[in-house]
Amino acid sequence: AVILYSRKIQRPGLFGFLKKPLVEMLVAVEEMNANERHLATSPTRIDTQGKLVDSDKINELQTQIESIEKTLNRFISTETEHIDGIVHKERPKLFEKYYEILLNSDVDENIVKKIMNITQNRLNFSSVNENTIQNAIKLLIKEYLGSASVLDKNKKDQSRIVFVGPTGVGKTTTLAKLAAKISVEMDKSVGLITADTYRIAAVEQLRTYSEILNIPIKVIYEPGEIVGALEDYRNKDMILIDTAGRNHKVEEQLYEVKDLISFVGNPDIFLVISATMAYRDILSMVRSYNFLEQYKLLFTKLDEASTVGNILNIKTLTGKPLSYFTIGQSVPDDIEVAKAEKIANMIMGE
């Protein structure tokens, strides 16, 4: 065959940019004959209907391709850079505004470059304007964030939910908010367990919530004690377990959390992160919890955060699903399902 034209193209799908690119080729194939197989005197190819296309049409197509390439090259610089093995085109001026918007929202620069590159490849350049670029970027951000994974009110078996995370992120208040929603809105029986005996105020705070909500609470002082507490709650639909906020830099303290989870069995785990934390601190914390195979991301204090790019950063880094956001101190009102649309709008400055 005679190769007339070839180019690299990005693999389709959300994670296509993580894989090696495909190669698209246009070739002239050999002419087939009942008695012999020889190279045709003029290049030919097969169209989508299986019919031979003559050389004049191929030449015309080649001319059109060259014209398109010249048009695109005038719009997009041919200078490139390699990031994580991916070729990134230099951004046209029209994209610079949104590049800066994402950076100002504290989205990691490598993620921003990937978003820009994929957006450029997706758009029809003959009709590019600010509105199409903005919508394309928002759509891609929503694809990155994905759908929220929330508690299943139709689940027949007992659910055991463990809240883990560092100190000061609002685990206890968040647990109370979910307990209220489960009890009132989902009409499920709930039991509370707290292992956060390092802070007397945390135990008293949860006791107060349990009295208001008329939900029983048990306090445990050692990981092994949770076995008896779970047995006492065997008839409850959902059991919510509050762990002590531990310093993620101290391995011994994290072992206590790990031991507690091992006694629970196979719980749903919510890793609670404050949206006000610096990216470096969140990164360190998430890596220290890498002993957890499965967990859901729950971000608190969205109302206090000046930017929310870290939500996209951590979702992309971990690949774990989002679950809920908290948006204030009011119990139980200030908690909501983590919607990608909301975060995409906030990142874009809307």
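Right above here is the structure, for reference.
These lines cover the structure that appears in this document, whether it is placed above or below. (Residues numbered from 1 in each chain as written. Predicted model: local features only at pLDDT ≥ 70, side-chain atom pairs only at ≥ 80, totals over all residues. Heavy atoms only, no water.)

1. Remarks on helix H2 (residues 93–104)
And then number 1: Taking 1.5 Å per residue as the helical rise, H2 with its 12 residues ought to reach 16 Å, and the 17 Å between its terminal C-alpha atoms agrees with that figure.
And then number 2: Of the positions making up H2, those classed as buried are Phe 95, Tyr 98, Tyr 99 and Leu 102. End-on, the buried residues of H2 take up no more than an arc of 110 degrees, which puts them together on one face. Projecting away from the buried face of H2 at angles above 90 degrees are the exposed residues Lys 93 and Asn 104.
And then number 3: Its buried side turned inward, H2 meets helix H3 (109–122), helix H4 (130–145) and helix H11 (340–347).
And then number 4: Looking at the residues trailing H2, positive phi occurs at Asp 106, about 70 degrees. (Helix = DSSP H or I, 4+ residues; strand = E, 2+ residues; numbered from the N terminus. Expected span 1.5 Å × (residues − 1). Buried < 20%, exposed > 50% of the residue type's maximum accessible area, 1.4 Å probe, protein only. Arc of directions from axis to C-beta. Contact = heavy atoms within 4.5 Å.)

2. Let's talk about the sheet that holds strand E10 (residues 190–194)
And then number 1: Strands sit in the order E11-E10-E12-E9-E13-E14-E15-E16 across an open sheet of eight strands; the sheet is mixed. Each end of this open sheet is capped by a strand with a single partner; those strands are strand E11 (217–219) and strand E16 (335–337). Neighbouring strand axes in the sheet, compared pairwise and without regard to direction, differ in orientation by 20 degrees on average.
And then number 2: The sheet contact formed by strand E9 (residues 159–164) and strand E12 (residues 238–242) spans five bridges and is parallel. By the bridge assignment, Ser 159 is partnered in E12 with Met 238. (Pairing = 2+ DSSP bridges. Axes fitted to C-alpha atoms, helices over the stretch in contact; angles between N-to-C directions.)

3. A closer look at the packing of H2 against H4
And then number 1: One way to put it is that H2 packs onto H4 with a least axis distance of 10 Å and a crossing angle of 40 degrees. Relative to H4, H2 is oriented oblique. The two elements H2 and H4 meet at a crossing, and its hand is right-handed. Contacts between H2 and H4 involve Leu 94, Phe 95, Lys 97, Tyr 98 and Leu 102 on the former and, on the latter, Glu 130, Ile 133, Gln 134, Ile 137 and Ile 141.
And then number 2: Partitioning the contact of H2 with H4 into residue classes produces seven nonpolar, one polar and two charged. (Parallel < 35°, antiparallel > 145°, perpendicular 65-115°, else oblique. Left-handed = near helix turned anticlockwise from the far one by under 90°. Nonpolar A, V, L, I, M, F, W, Y, C, P; charged D, E, K, R; others polar.)

4. Overview of the pattern of salt bridges
And then number 1: Evaluation of the coordinates by the stated rule reveals nine salt bridges.
And then number 2: Across the pair Arg 207 and Glu 204 runs a salt bridge whose closest N-O atoms are separated by 3.8 Å. Pair noted here: Arg 207 and Glu 204 are both in helix H6 (residues 200–213), with a separation of three residues, about one helical turn.
And then number 3: You can call Arg 207 partly exposed: its relative accessible area is 32%.
And then number 4: For Lys 342, the salt bridge is made with Glu 336, and the minimal N-O distance between the two is 2.6 Å.
And then number 5: The exposure class of Glu 336 is partly exposed, given its relative accessible area of 24%. (Salt bridge = Lys/Arg side-chain N within 4 Å of Asp/Glu carboxyl O.)

5. Describing helix H5 (residues 171–184)
And then number 1: Taking 1.5 Å per residue, 14 residues should reach 20 Å; H5 reaches 20 Å between its end C-alpha atoms and fits that length.
And then number 2: Counted residue by residue, H5 has 12 buried out of 14 residues, so it is predominantly covered.
And then number 3: Of the positions making up H5, those classed as buried are Lys 171, Thr 172, Thr 173, Thr 174, Leu 175, Ala 176, Lys 177, Leu 178, Ala 179, Ala 180, Lys 181 and Ile 182.

6. Topic: the nonpolar core
And then number 1: Counting residues in each nonpolar core, the largest one holds 82 residues, and the members touching the most others are Leu 102, Ile 115, Ile 141, Leu 240 and Ile 273.
And then number 2: Among all residues touching Ile 115, those that are not within four sequence positions of it are Leu 102, Ile 137, Leu 140, Ile 141, Tyr 144 and Leu 312. (Core = buried A, V, L, I, M, F, W, Y, C linked by side-chain atoms within 4.5 Å.)

7. A closer look at the packing of helix H9 (residues 279–288) against helix H10 (residues 309–318)
And then number 1: Two elements in contact, H9 and H10, have axes separated by 11 Å at closest approach and are oriented at 30 degrees. With respect to H10, the axis of H9 lies roughly parallel. For the pair H9 and H10, the crossing hand works out as right-handed. Facing H9, whose interface residues are Tyr 279, Ile 282, Leu 283 and Val 286, H10 presents Asn 310, Asn 313, Ile 314, Leu 317 and Thr 318.
And then number 2: Split by residue class, the contact of H9 with H10 holds six nonpolar, three polar and no charged.

8. Some remarks on a nonpolar patch on the surface
And then number 1: Where nonpolar side chains cluster on the molecular surface, the patch consists of Ile 3, Val 23 and Met 25 and spans about 300 Å² of accessible area.
And then number 2: Among the residues examined, Met 25 registers a relative accessible area of 45% and is labelled partly exposed. (Patch = residues over 30% accessible without salt bridge, like charges linked within 9 Å, V, L, I, M, F, W, Y side chains within 5 Å. Areas by Shrake-Rupley, 256 points an atom, 1.4 Å probe, with all protein chains shown as cover.)

9. Considerations on the packing of aromatic side chains
And then number 1: Here the structure, examined in full by the defined rule, presents three aromatic pairs.
And then number 2: Taken together, a centroid distance of 6.1 Å and an interplanar angle of 45 degrees make the contact between Phe 270 and Tyr 324 tilted. Of this pair, Phe 270 sits in strand E13 (residues 268–274) while Tyr 324 sits in strand E15 (residues 322–326), and the two are 54 residues apart along the sequence. Note on accessibility: Phe 270 and Tyr 324 belong to one class, buried. (Phe/Tyr/Trp six-rings, centres within 6.5 Å; stacked < 30°, edge-to-face > 60°.)

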